[in-house]
Amino acid sequence: MTNTLSKTPLQHLLSIPVIVASLGYFVDIYDLLLFGIVRVSSLRDLGLNDEEISSVGKDILNWQMGGLLIGGILWGVLGDKKGRLSVLFGSIVTYSIANIACGFIQDPTTYAILRFIAGVGLAGELGAGITLVSEVLPKELRALGSSLVAGVGLFGAVAAYFTVTQFGGWRNAYFIGGGLGIILLLMRISVFESGMFENAKKQKHVSKGNFFALFTNADRLQRYLKCIAIGMPTWFVIGILATFANEFGKKMGIPENIEPGKAIMFCYVGLAIGDLSSGVISQLLESRKKAVTILLVLSLICSIIFLYAGISTASGLYILCVCMGFSVGYWAMFVTIGAEQFGTNLRATAATTVPNMVRGTVIGMTVLYANLKVEIGVFHAAAIVGVICFTLAFYSILTIPETHGKDLDYLEEE
């Protein structure tokens, strides 16, 4: 304990758990966003036309998001029952193998199955990493630690884009992603388990990792649903505005061809900067809620500009993608809020399922967007989806309990 107390803030933030969690999220984001980046080129190589690329690509993305939804529950429960490290090891093995296999696919059906399996694996990385970092860092450094993990990790999207363009296309990009996962697995051998989890494990009478316990108490259920709602605008920006940027670009009359992969890459550049900034903002304001609310307002403004300001050039659209990415850079704070809302015996379950529930909402977003755009066009369709996401997010962040400086060494009662 003396050694822990004698550490400087910088030593805490550069400790092995924080570094490995950051690199883990880097690989996680690389693999998570890779399909969005290679969606058009990979499906074209498989012989699909433009219309099929749009519809089949949406279906494969939804399969991946469905995997994240199921994997979030699986790894979250395992994290509270068996430990945070069991998730960090098991998830990376799953998605590394699936991504290597994606480099060999020859048909869309196999592609969808493998992206589903990859989604299951990818679901465990962020929640377990943030939970571990939140529990091993002093409470006054949790925001900065989470921001560091997310900020470093989100540059994985940039790495994925340049890997595709510089290293021989989409198949090699999948092979490299899987290889990075195996390397990361070896690095994790030196990571130690959370002391809070070890203490909770000794409490034999306390239920651990009971996913359904999130739904059996009204107050707990409200906190859980609000955590999910807070994160929805992030995937509205990424899953609708950036992913379908080529569709918006055509309707805007932009003469250049808009690449969804490039739009996603620029979005994640902004997101990484935003995540690094959000921890500092939260620390300065001594409030998670104020930091998230500020960025939510900025995100709403950027989304309106994207849809209705009449962007006329590709460079203008990509610059706005950076701004939109920065505005949803409260992702680290949102996941941290999810971890801090619940006791040690449910923390990994909540922190792992919450971001993946948000990712899972992309299925509903894309289905609603696809159906509405036929009748009212892409801009109004996206706007309706956005209104739903932002309304739920603003209500939730304004009414959820503040967690800045909260002591996390406690258990949830049955």
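Residues numbered from 1 in each chain as written. Predicted model: local features only at pLDDT ≥ 70, side-chain atom pairs only at ≥ 80, totals over all residues. Heavy atoms only, no water.

### A few points about the overall build of the chain
Looking only at helices and strands, the chain has 19 helices and zero strands in total. Relative to the compact-globule value of 22 Å for 414 residues, the chain shows a C-alpha radius of gyration of 20 Å, a close match. On the principal axes, the C-alpha backbone points of the chain span a range of 65 × 45 × 40 Å. A burial count over the chain gives 59% of its 414 residues as buried. Taking the intrachain contacts of the chain between residues at least 6 apart in sequence as the baseline, contacts between residues at least 24 apart amount to 85%. Between the centroid of the 29 positive side chains of the chain and the centroid of its 28 negative side chains there is a distance of 4 Å. (Helix = DSSP H or I, 4+ residues; strand = E, 2+ residues; numbered from the N terminus. Rg over C-alpha atoms; globule rule 2.2 N^0.38 Å. Buried < 20%, exposed > 50% of the residue type's maximum accessible area, 1.4 Å probe, protein only. Contact = heavy atoms within 4.5 Å. Lys, Arg positive; Asp, Glu negative; His and termini not counted. Charge placed at Lys NZ, Arg CZ, Asp CG, Glu CD.)

### Examining the nonpolar core
Residues Tyr111, Leu241, Phe248, Tyr268, Phe306 and Leu317 are the most contacted members of the largest nonpolar core, which totals 128 residues. Tallying contributions element by element places helix H3 (residues 16-45) first for this core, with 15 residues. Those residues in contact with Tyr111, other than ones at most four positions away along the chain, are Phe35, Val38, Ser42, Leu43, Leu46, Ile60, Ile105, Trp170 and Tyr174. (Core = buried A, V, L, I, M, F, W, Y, C linked by side-chain atoms within 4.5 Å.)

### Things to note about H3
The first and last C-alpha atoms of H3 sit 41 Å apart over 30 residues, in line with the 44 Å expected at 1.5 Å per residue. In the structure, H3 departs most strongly from a straight axis at Arg39, where the bend amounts to approximately 65 degrees. The buried count for H3 comes to 23 of 30 residues, which makes it a mostly enclosed element. Looking at the residues trailing H3, positive phi occurs at Gly47, about 95 degrees. (Expected span 1.5 Å × (residues − 1). Bend = angle between axes of the 7 residues up to and from the residue.)

### Let's talk about the packing of aromatic side chains
For the coordinates displayed, the defined rule picks out 17 aromatic pairs. For the ring pair Tyr111 and Tyr174, a centre distance of 6.2 Å and an interplane angle of 80 degrees mean the geometry is edge-to-face. Of the two residues, Tyr111 is situated in helix H6 (residues 108-122) and Tyr174 in helix H10 (residues 170-187); the sequence distance between them amounts to 63 residues. Owing to a relative accessible area of 0%, Tyr111 belongs among the buried residues under this scheme. On the basis of relative accessibility, which here comes to 0%, the residue Tyr174 falls in the buried class. A centroid spacing of 5.8 Å and a plane angle of 75 degrees characterise the contact between Phe215 and Tyr224, whose relative ring orientation is edge-to-face. Through pairs of rings, three or more aromatic residues link up here, namely Phe244, Phe248, Phe306, Tyr369 and Phe379. (Phe/Tyr/Trp six-rings, centres within 6.5 Å; stacked < 30°, edge-to-face > 60°.)

### With respect to the pattern of salt bridges
For the structure on display, the rule yields seven salt bridges. For Glu340, the salt bridge identified is with Arg288, shortest N-O distance 2.8 Å. Within this pair, whereas Glu340 is found in helix H17 (residues 331-340), its partner Arg288 is found in helix H15 (residues 288-308), the two being separated by 52 residues in sequence. Of the two residues, Glu340 and Arg288, both sit in the buried class. (Salt bridge = Lys/Arg side-chain N within 4 Å of Asp/Glu carboxyl O.)

### Comments concerning the side chain of Arg359
For Arg359, the location among the structural elements is in helix H18 (residues 347-376). Within polar-contact distance, the side chain of Arg359 engages the side chain of Asn356 at 3.0 Å. Once residues lying within four places of it in the same chain are set aside, the contact partners of Arg359 are Tyr25, Asp28, Ile29, Leu32, Met65, Leu68, Leu122, Leu126, Trp235 and Trp331. (Polar contact = N/O pair within 3.5 Å; in protein donor to acceptor, adjacent residues only side chain to side chain.)

### Topic: unusual backbone geometry
Phi is positive for Glu286, which is not a glycine, with a value near 55 degrees. Residue position: Glu286 is located in the loop between helix H14 (260-285) and H15. Glu286 sits in the exposed class, given a relative accessible area of 58%.

### Considerations on the packing of helix H8 (residues 142-154) against H17
At a minimum axis separation of 9 Å, H8 and H17 run at an interaxial angle of 130 degrees. With respect to their mutual orientation, H8 and H17 come out oblique. Read as a crossing pair, H8 and H17 show a hand that is right-handed. Of the residues in H17, those in contact with Arg142, Ala143, Ser146, Ser147 and Ala150 of H8 are Ala332, Met333, Thr336 and Glu340. Residue composition of the contact of H8 with H17, by class: four nonpolar, three polar and two charged. (Axes fitted to C-alpha atoms, helices over the stretch in contact; angles between N-to-C directions. Parallel < 35°, antiparallel > 145°, perpendicular 65-115°, else oblique. Left-handed = near helix turned anticlockwise from the far one by under 90°. Nonpolar A, V, L, I, M, F, W, Y, C, P; charged D, E, K, R; others polar.)

### As for helix H9 (residues 156-166)
All of the buried residues in H9 are Gly156, Ala157, Val158, Ala160, Tyr161, Thr163 and Val164. For H9, the elements touching its buried residues are H3, H8, H10 and H14. Looking at the residues trailing H9, positive phi occurs at Gly168, about 90 degrees.

### Quick word on the side chain of Asn62
Positionally, Asn62 belongs in helix H4 (residues 50-82). Overall, the relative accessible area of 12% leaves Asn62 in the buried class. With sequence-adjacent residues up to four places away left out, Asn62 is seen in contact with Val362, Ile363, Thr366 and Val367.

### Examining the confidence of the model for the chain
On average, residues of the chain score 84 in pLDDT, and 91% of them reach the 70 mark or higher. Taken element by element, the chain is modelled with least confidence in helix H1 (residues 2-5), mean pLDDT 47, and with most confidence in helix H19 (residues 378-399), mean pLDDT 96. (pLDDT = per-residue confidence, 0-100.)

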